[in-house]
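Examining the three-dimensional arrangement
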Amino acid sequence: MTAFLELLRRRSSFLLTGHENPDGDCVGAEVALYHLLRALGKTVHIVNPDPMAKAFDFLAEHTPFASARTSETLPEFEVAVLLDCCQLSRVGALGKRLLASGATIAVVDHHVGSDAGDGSVCYVDPTAAATGALVRRLYRELDVPLGAAAAEGVFLSLVSDTGWFRYSNADEEVFAMAGELVGAGVDASRVYDAIHRRNHPDSPAVLAETLKRYQMLHGGKLARVSIDKPLLERCLRADFDTDAVLEPLRSIEGVEVVALLKERFDGGVKCSLRARGDVDVQAIVARFGGGGHKKAAGATLAMTLNEAEAAITDAVGAALAGGA
Ligand code: 5GP
Ligand code: MN
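All figures in this text were calculated on a predicted structure; none of them were measured in a lab. (Residues numbered from 1 in each chain as written. Chains lettered and ligands numbered in written order. Predicted model: local features only at pLDDT ≥ 70, side-chain atom pairs only at ≥ 80, totals over all residues. Heavy atoms only, no water.)

The next thing to look at is the packing of helix α4 (residues 131-142) against helix α5 (residues 148-162). Packed helices, taken two at a time, are described by their axes: the angle between them and the distance between them. Following both chains from N to C, one finds α4 and α5 inclined at 145°, their axes separated by 8 Å at the closest point. Two secondary-structure elements touch here, α4 through Gly132, Ala133, Arg136 and Tyr139 and α5 through Ala150, Val154, Ser157 and Leu158. Among the residues making up the contact of α4 with α5, the classes are represented as five nonpolar, two polar and one charged. (Axes fitted to C-alpha atoms, helices over the stretch in contact; angles between N-to-C directions. Helix = DSSP H or I, 4+ residues; strand = E, 2+ residues; numbered from the N terminus. Contact = heavy atoms within 4.5 Å. Nonpolar A, V, L, I, M, F, W, Y, C, P; charged D, E, K, R; others polar.)

In structure tokens, the structure reads:
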């Protein structure tokens, strides 16, 4: 943290970014760091590889967001900060532009092994529940008061990565921070409604269609569901967040791992694993070049959907057999 704080103090212009299809932790942490840097008198821009999901568009009321897909040129910056990821390869085409810029690459992240990513200055703590929690700590360290917009960002980070405080990473720091954020004016139910209660009329039908396809494997310990391109097109048309299928599968008694496999339009398969119990899904996806946390991890596999189903099923089977 010391080296990262030093970087914030010394440099004057920053570009904040994160992984492709930025999730709530990523954009929430960006919002919080944006307002911290502004409070320090710095020039700061948020440019993500993809446009913001509709679920998070309420953030734009107080914080400007740009997407590299629609920005031909990047603003001037001395430091690029990657939030909630540590590799330029996860920042899509923007990653190459950041590398070519010659700017300092810094990382703020809570994933396993993020010290070994592309950052030359890294503030990484894999015990933190969310990247937004790390940014909250920076405010304290710099003695900058947390304003309403930043508080909402940190809150979004916390609820996104703890599943609204249900997962095992919802620790004392998370609950203490959440209480403090609500005290600072965050309206939790407004945030919930903004994210989860503005769905497309077709979303229940798409959810039903997706859930119909799940399979129970390895004696009921693995629940696996695949989304092929035609179904993915329907999901996109209904602006459907496919993560919604994970929880119903994880709720089945005896399930230890949930796997969601999505065919990608540009080739390959995106795989998301979630664990209940002691299986380390980060270790499973690491074999395929992915990463994440012990209980939530992902990877992109250069395979067909059928091949990916077999490879993931085998790898999960081996982990279950190894008593991992
Ligand atoms: P999700 O399954 O929701 O995409 O991701 C679960 C967790 O694993 C998140 O913390 C996410 O950042 C991480 N993750 C997902 N895909 C990848 C990947 O391809 N590489 C790495 N290093 N981490 C990933
Ligand atoms: Mn995160």
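Within the largest apolar cluster, 53 residues are counted, with the highest numbers of intra-cluster contacts made by Phe4, Leu8, Leu16, Leu33, Val81 and Leu158. The element best represented in this core is helix α2 (residues 24-39), accounting for eight residues. What phenylalanine 4 contacts, discounting residues up to four positions off in sequence, is Leu33, Val81, Ala106, Val108, Val121, Tyr123 and Leu138. With 22 residues, the next largest nonpolar core counts Val269, Ala299, Ile312 and Val316 among its residues. (Core = buried A, V, L, I, M, F, W, Y, C linked by side-chain atoms within 4.5 Å. Buried < 20%, exposed > 50% of the residue type's maximum accessible area, 1.4 Å probe, protein only.)

Another aspect to go through is the packing of aromatic side chains. Throughout the structure, instances matching the rule amount to four aromatic pairs. Both rings, one in phenylalanine 155 and one in tryptophan 164, keep their centres 5.9 Å apart while their planes meet at 75°; by these two values the pair is edge-to-face. In this structure tryptophan 164 comes out as partly exposed when scored by relative accessible area, which is 23%. Relative to tyrosine 192, the ring of tryptophan 164 lies with its centre 5.0 Å away and its plane at 70°, an arrangement referred to as edge-to-face. Remark: tyrosine 192 occurs in helix α7 (residues 188-196) and tryptophan 164 occurs in the loop between α5 and α6 (172-183); sequence separation between them is 28 residues. Among the aromatic side chains, those forming a connected cluster through ring pairs are Phe155, Trp164, Phe165, Phe175 and Tyr192. (Phe/Tyr/Trp six-rings, centres within 6.5 Å; stacked < 30°, edge-to-face > 60°.)

Only Asp25 (OD), Asp84 (OD), His110 (NE2) and Asp161 (OD) from the protein coordinate the manganese ion (ligand 2), and they sit 2.1 to 2.3 Å from it. Spacing between the donor residues of the manganese ion (ligand 2) along the chain follows D-x58-D-x25-H-x50-D. With aspartate 84 in the loop between β4 (79-83) and α3 (93-101) and histidine 110 in the loop between β5 (104-109) and β6 (121-124), the pair connects residues that are 26 residues apart, well separated along the chain. Of the two residues, aspartate 84 and histidine 110, both sit in the buried class. (Donors = N, O, S within 2.8 Å, 3.2 Å for Na, K, Ca; no water.)

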